[in-house]
Structures are given as C-alpha cells and as structure tokens.
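Reading the structure
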Amino acid sequence: MFQYDLAIIGGGPAGLAAAVSAWNEGVRSIVIIERDDVTGGILNQCIHNGFGLHYFKEELTGPEYAGRFEQMVAETSIDVKKQTMVLNITPEKMIYAVNPTDGYFAISAKAIVLSMGCRERTRGAISIPGDRPSGVFTAGTAQRYVNIEGYMVGKRVVILGSGDIGLIMARRMTLEGAKVLAVVEIMPYSNGLNRNLVQCLDDYDIPLYLSHTVTDIRGKRRVEQVVVSKVDENRAPIPGTEMTFDCDTLLLSVGLIPENELTKSAGIPIDRRSNGAIVFDDMQTELEGVFACGNVLHVHDLVDFVTAESMKAGKSAAQYILYPYQHTDQPVELQNGPGVTYTVPQKLDLTAGEAKTDLFFRVNHVIHGGTITVQAEDGTVLFSRKKAHMLPAEMEKITLDKSWFVGHHTATVSIQEGANEK
C-alpha cells in the first residue's frame, strides 16, 4: 500500500493545476493518478490555438498549455502514476487502482482531489433513428483520429450539435480537405462560443441550421445519407421539413457528461443540475477531505477557468492537510432561480475559508438584457448586476463577499430579464 498526503485522480489540466497549487502551498507528498500513458488530458488533441489568453496572457495550443503545467510538475518531486486505472474510492479516502507496474494496489491519502474530466454523449444517449453504418463518430473521437492518429474520418461531413468541439472540427475537417455540408443544432441558438462560430463556420461559409436535428441515418456499410428536419418549440420534428444530405460521415457534438462514477462509488452526493459533486466554496465535497474541480465538477467552456478553479481546489486541499478543519453543518445553500441552470459552488461556509468566493453559473436560454440577482430567503437582495447579453454556451462568473450572507440560510441566484439594476 502507498501512502500520500494528497492523491489527485486525473492528470489533465485540472489535476495538473491542483497538484502545482498544493505543492506551492507546502504539501510535499503528492501523487497524480492518470489512466492514459501521458498527462495533459484532452488538451493533447486540441492542436488549435486560443488557450491561455486569461491565465498566461498569451495564445497557446492545447499541447502547449498542458506542457506549461507538465513542466511545473516536472520541477517538483510530485509522483505521477500513468497507465493507472482507479477502480474504487472509499469514504475513508482509500483508493484502489491497477497498472502494469504495480498490479493491483491501494493508496491511502489524507486528502483527495477528483479531476477525472468528462466524456462525450454518444448516439445511443440521444437515440438517433436510422441505420447503423460506420461513419458515425463523436466529434472528440474524430478529433483524436485526425490530430493524433493521423486518420481522415470522412470526406463529406454533417455535424450534429454546435458545441465548441463540433465547431472546431468543422474547421479542422475543412482544412484537411473534407467538405462540411452543414452544422445542425436542435436549439434555437448555438451551444458554442461566439468566437468559434465566427472563426470555424463564418470564415469557411459553413451553414448552421438552428432548430434542426437529424431524424434519419441511411447507409449499409458506410453512412450514405443523413436526413435533417426542422423542430418545433418542443424540439419535435416537423413533418415536411426534411432535407437530405449525401454524405459519408456524421459527427456528434451533443454534450459532455462529467465522469463521476468514482464520485458516486464513494457515496458523495451529486447535484442533478450540474451532474457534478455538490461542493462548498473551498471546492470540498460533502465527504470531508475530498475535493473536486474541472470538468468532473461541471463542464467548462474555457480551460483557463478550469485552471483557476483547480488551483483553488489544490490550495484548499493543502490547507486541509496542513491545518485540518471541518465545515459547518449549517452552510448557506445556493439555489437556482428563473433563468439559471445551476450554480457552483452550491454551499457557502461562512465560518471557514476565504472572505470572498467566485460563483459560476449558466443561464438556461439566450438573454438579451437582464439583471443577475442573489436574493436571500427573506427577500433581501444581496447582489445585483446588469448584463447586456448572456448565453447558455458561456459560463457566467460573479464574485460574492461571504459577509453579505451572515444571518441567512439560503440564497437564490436568478436572472431578471429587462429588470433595472437595484
């Protein structure tokens, strides 16, 4: 059995940042556990630029961004166990894993950071009707084939979903010589960053069909045709609106799901709104000494936000190890009101941690002109700020002073559309 002060599960951008942060806080017994044969996570296949503008104040590719943190880790004595699959975590902070070198083994840790990332939603998860030929890929799988393995996945492509990976792959496939016939989005708005809409679709004259979805896939050995239909306000296909595209490839960019099987096995409560663990403002879950950060907690749109959140988780884990503390059993509960899908964190501890905290949330529809409000259970408005434009694809962040919540038990984050600032 191995013993460490801090064990970090996942060696992607979140895990690397958490490890560096904990090391900088004075923790010297740290292990990163990574199931792949390299660290860096999904960034390794993101060869496009645009990373690091917030954190490093310069434009980097995904591998370059990951390389910065890999170098920081290499300059420490942090252990990195690669090709290691974690099988289970117990409430006692025991980690059971397996790899080719150590075989089946256990790790005992004083604190754990969960940073396992997320996975793509597949065709089976959204139940697209039609034949079952080859040529249907998730956008991330296609990205790996093209950027890392060196395989071209198709020549005539339709993309379902306007998430950032799908938009980026529309450009990537075009640059590799494929013809991207259409990007199809079931919602009346795009689910990708505006910069990706411009740089990946507009710049290459790739059409975007909003309020449309794939209603049939045709083909024997390989995809031959994809049928696209317009949908109504209930997202149901409208008969008579079908368009048929002759293509050999369908890429799916239909959402990401946090990888929380290990979280659940440890008995840690999950927030059904974010599909991640419920956390306090120090990123600690409801299981004492276990922290969560990055896409395993909630899906981010920028890796720079992942880094900031993970640095906070690593710092908090270090403080827990060096100066053990417990959270109050009467935290302030943060709830989502009209216009808001979820909030992270979900709980504020007014007796511990930093005096201010960042609150992340997403809106559930496009909002042109609204006021972000945080309101206590007695109607007291604790925070109010106007914002001209908010999109579900772009995560929102506000900074809260925890002193505002003294004397309150719950607070609701909501959007008042067209409301005046108070």
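Right above here is the structure, for reference.
About the criteria used
- Residues numbered from 1 in each chain as written.
- Predicted model: local features only at pLDDT ≥ 70, side-chain atom pairs only at ≥ 80, totals over all residues.
- Heavy atoms only, no water.
- Pairing = 2+ DSSP bridges.
- Helix = DSSP H or I, 4+ residues; strand = E, 2+ residues; numbered from the N terminus.
- Core = buried A, V, L, I, M, F, W, Y, C linked by side-chain atoms within 4.5 Å.
- Buried < 20%, exposed > 50% of the residue type's maximum accessible area, 1.4 Å probe, protein only.
- Contact = heavy atoms within 4.5 Å.
- Axes fitted to C-alpha atoms, helices over the stretch in contact; angles between N-to-C directions.
- Left-handed = near helix turned anticlockwise from the far one by under 90°.
- Nonpolar A, V, L, I, M, F, W, Y, C, P; charged D, E, K, R; others polar.
- Salt bridge = Lys/Arg side-chain N within 4 Å of Asp/Glu carboxyl O.

1. Looking at the pairing of strand E5 (residues 94–99)
- Pairing geometry for strand E4 (residues 85–89) and E5, over four bridges, is antiparallel. Opposite Asn 88, over in E5, you have Tyr 96 as the bridge partner.
- Hairpin connection from E5 to strand E6 (residues 103–114): three residues lie between these consecutive antiparallel strands.

2. Remarks on the nonpolar core
- Judged by nonpolar contacts, the single largest core of 69 residues is most densely connected at Leu 6, Ile 9, Ile 30 and Leu 114.
- No other element matches helix H8 (residues 303–322), which puts nine residues into this core.
- With sequence-adjacent residues up to four places away left out, Leu 114 is seen in contact with Ile 9, Ile 89, Thr 263, Ile 268, Val 290, Phe 291, Ala 292, Cys 293 and Val 296.

3. Things to note about the packing of helix H4 (residues 139–149) against helix H5 (residues 164–175)
- The contact between H4 and H5 brings their axes to 9 Å, and the two run at 35°. Both H4 and H5 take part in a crossing whose hand is left-handed. On the side of H4, the interface is formed by Ala 139, Gly 140, Ala 142, Gln 143, Val 146 and Asn 147, while H5 contributes Ile 165, Gly 166, Ile 168, Met 169, Arg 172 and Met 173.
- Its residues placed into classes, the contact of H4 with H5 shows seven nonpolar, four polar and one charged.

4. A short note on the environment of Phe 280
- Tracing the sequence through the fold places Phe 280 in the loop between strand E18 (276–277) and strand E19 (290–292).
- Given the relative accessible area of 6%, Phe 280 is considered buried.
- Linking Phe 280 and Ala 125, residues 155 residues apart in sequence, is a C-alpha distance of 31 Å.
- Among all residues touching Phe 280, those that are not within four sequence positions of it are Thr 285, His 327, Thr 328, Pro 331, Pro 345, Lys 347 and Asp 349.

5. Quick word on the side chain of His 212
- Tracing the sequence through the fold places His 212 in strand E12 (residues 212–219).
- Discounting residues that sit within four places of it in the chain, His 212 has contacts with Val 184, Glu 185, Ile 186, Val 228, Ser 229, Lys 230, Val 231 and Met 243.

6. Observations regarding the sheet that holds strand E9 (residues 156–160)
- Spatial ordering of the open sheet is given by E8-E15-E9-E10-E11, a layout of five strands whose pairing is parallel. The sheet terminates laterally at strand E8 (136–138) and strand E11 (208–210), the two strands that pair on one side only. Here the strands of the sheet are splayed against their neighbours by 20° on average, with no regard to which way each runs.

7. Considerations on the pattern of salt bridges
- In the structure shown here, the tally under the stated rule is 16 salt bridges.
- Arg 172 is paired through a salt bridge with Glu 176; the nearest N and O atoms lie 2.8 Å apart.
- Relative accessible area serves as the criterion here: at 39%, Glu 176 is assigned to the partly exposed category.

8. Some remarks on the sheet that holds strand E13 (residues 223–230)
- Taken together, the three strands give an open sheet; going across it, the order is E12-E13-E14, and neighbouring strands pair in antiparallel fashion. Bordering the open sheet on either side are E12 and strand E14 (243–246), each of which pairs with just one other strand. Across the sheet, the mean angle separating the axes of adjacent strands is 25° when strand polarity is ignored.
- Where E13 and E14 come together, four bridges link them in antiparallel fashion. Residue pairing for E14: Val 226 is matched across the bridge by Phe 245.

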